[in-house]
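Next come the chains, spelled out residue by residue.
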Amino acid sequence: MMNGIDPRLMKEILKLEMLNKSALVSGASGGSAGTGAAEGEFGSMLNALLLEQAGLDSGTEAAGSLPLQALQTGWSGLSGEDLAAGTAQMSPAALNQALRSYGSASTPASAPVSRGEGAYDAFIAQASSRTGVDPALIKAVIRQESSFNTTVVSKAGAKGLMQLMDGTAKGLGVTNPFDPQQSIEGGAQYLSYQLKRFDGNVGTALAAYNAGPNRVSRLGIKNDKDLLEKMHLLPTETQQYVKKVMNHMERYERDFPQV
């Protein structure tokens, strides 16, 4: 296994970069829309090269899920032993960033502020104190699950702020899933179970919250490094869920500065 990026891949990347710059110069008079199109084309071509390097078919589900963090950390390959070696060298901060930007060349813009976004901060802080779960994480899950709508019911029957299924809610002692305090307490407790099960790995706990812990474990995912390597094996919904919640969490950290 090579220690750096395959020279052939680097050669193609440099050629694409030069073509991209030429397009930007020739289209300079066309305004920002032309610039965005050129950059988008370059990004698509680069991602295709990375997929080819990884031995993936651009038409597969994994094609839209390949993190460009691979290029930034200098992995020589993006599958099998090469990918495992790449994630093994990543710091926790780099790993979190890779999960937040999974499937895209850059971190998505912060989601727009929802109505009532700060209405439940006191309940969130209380639940955090009782369960030990980061309040920013609890709030991020609420944002993604229900957009702070206490009465929402999913097609599957999940209810309330943290979208608890009836069986799960009952097991957590939640008698009214539409009660914001009960929902937050129950959801935070369930999150704490997943965090303990997966040794504090936030991304993996979120995947378990969304797809189910047994499904995550069956794939051999035990931590966030495993998650990054095997994310493409999870449903697209779960891939996006982990990414979005982790981005929301980063944004909400300022709401709880005392933590």
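Reading the values: rules and limits
- Within each chain, residues carry numbers counting from 1 in the order of the written sequence.
- Where totals are concerned, whole chains, interfaces and linings use all residues; where local detail is concerned, this predicted model gives features only for residues with pLDDT of at least 70, and gives and counts side-chain atom pairs only at 80 or more.
- Think of the side-chain values as coming from all heavy atoms in the structure, minus any hydrogens and water.
- Any carboxyl oxygen of Asp or Glu that lies within 4 Å of a side-chain nitrogen of Lys or Arg is treated as forming a salt bridge with it.
- Secondary structure elements are defined from DSSP: runs of H or I of at least 4 residues count as helices, runs of E of at least 2 residues count as strands, and each element is numbered from the N terminus.
- Relative accessible area decides the class of each residue, using a 1.4 Å probe on protein chains only: under 20% of the type maximum gives buried, over 50% gives exposed, and in between gives partly exposed.
- A pocket, in this scheme, is an open set of points on a 1 Å grid over the protein atoms alone with protein on both sides within 12 Å along at least 5 of 7 lines, while a cavity is a set where a 1.4 Å probe fits but cannot get out; residues line either one if an atom lies within 4 Å of a point.
- Grid points are joined across faces, edges and corners, and a volume is the space filled by probe spheres set on the points.
- Multiply 1.5 Å by the residue count of a helix minus one, and that product is the helix's expected span.
- Two residues qualify as a contact provided that any one of their heavy atoms is within 4.5 Å of a heavy atom in the partner residue.
- Scored from 0 to 100, pLDDT reflects the predictor's confidence in each residue.

Enquirer: Requested: an account of the pattern of salt bridges, with residues and values cited.
Expert: Across all of its chains, the model carries 5 salt bridges by this definition. Among the ionic pairs, E185 bridges to R130, the shortest N-O distance being 3.3 Å. Of this pair, E185 sits in helix α9 (residues 180–197) while R130 sits in helix α6 (residues 121–131); the two residues are 55 residues apart in sequence, bridging distant segments of the chain. Residue E185 is classed as buried on the basis of its relative accessible area, which comes to 16%. Here R130 falls in the exposed class, since its relative accessible area comes to 58%. A salt bridge links K139 to D255; the nearest nitrogen and oxygen atoms lie 2.8 Å apart. Note that K139 is positioned in helix α7 (residues 135–146) and D255 in the segment after α13 (236–252), a separation of 116 residues in sequence.

Enquirer: So what about the layout of surface pockets? Which residues, and what values?
Expert: Within this model, the largest pocket holds a volume of roughly 400 Å³. Together, 17 residues line the largest pocket, and E145, A158, Q163, Y209 and N210 are the ones closest to its centre. Elements with a minimum of two residues in the lining of the largest pocket: α7, α10 (202–211) and α13. Considering each element in turn, the lining of the largest pocket owes the most residues, 4 residues, to α10.

Enquirer: Explain α9 to me, using residue names and the numbers behind them.
Expert: Over its 18 residues, α9 runs 26 Å from end to end, which matches the ideal 26 Å to within 8%, given 1.5 Å per residue. Residues of α9 that are buried include every one of P180, S183, I184, E185, G186, G187, A188, Y190, L191, S192, Q194 and L195, and no others. Where α9 is buried, its residues touch α6, α7, α8 (166–171), α10 and α11 (213–218). Phi turns positive one or two residues past the end of α9, at D199, with a value near 55 degrees.

Enquirer: Can you tell me about the confidence of the model for the protein, naming the residues and giving the values?
Expert: On average, the protein scores 75 in pLDDT, and the residues at 70 or more come to 59%. The secondary-structure element of the protein with the lowest mean pLDDT is helix α3 (residues 69–72), recorded at 37, while α9 shows the highest, at 98. Of the regions scoring below 50 in pLDDT, residues 20–40 engages in 7 contacts with residues more than four places distant in sequence or in other chains. Ignoring residues within four places in sequence, the model shows residues 53–80, a span with pLDDT below 50, making 64 contacts including any to other chains.

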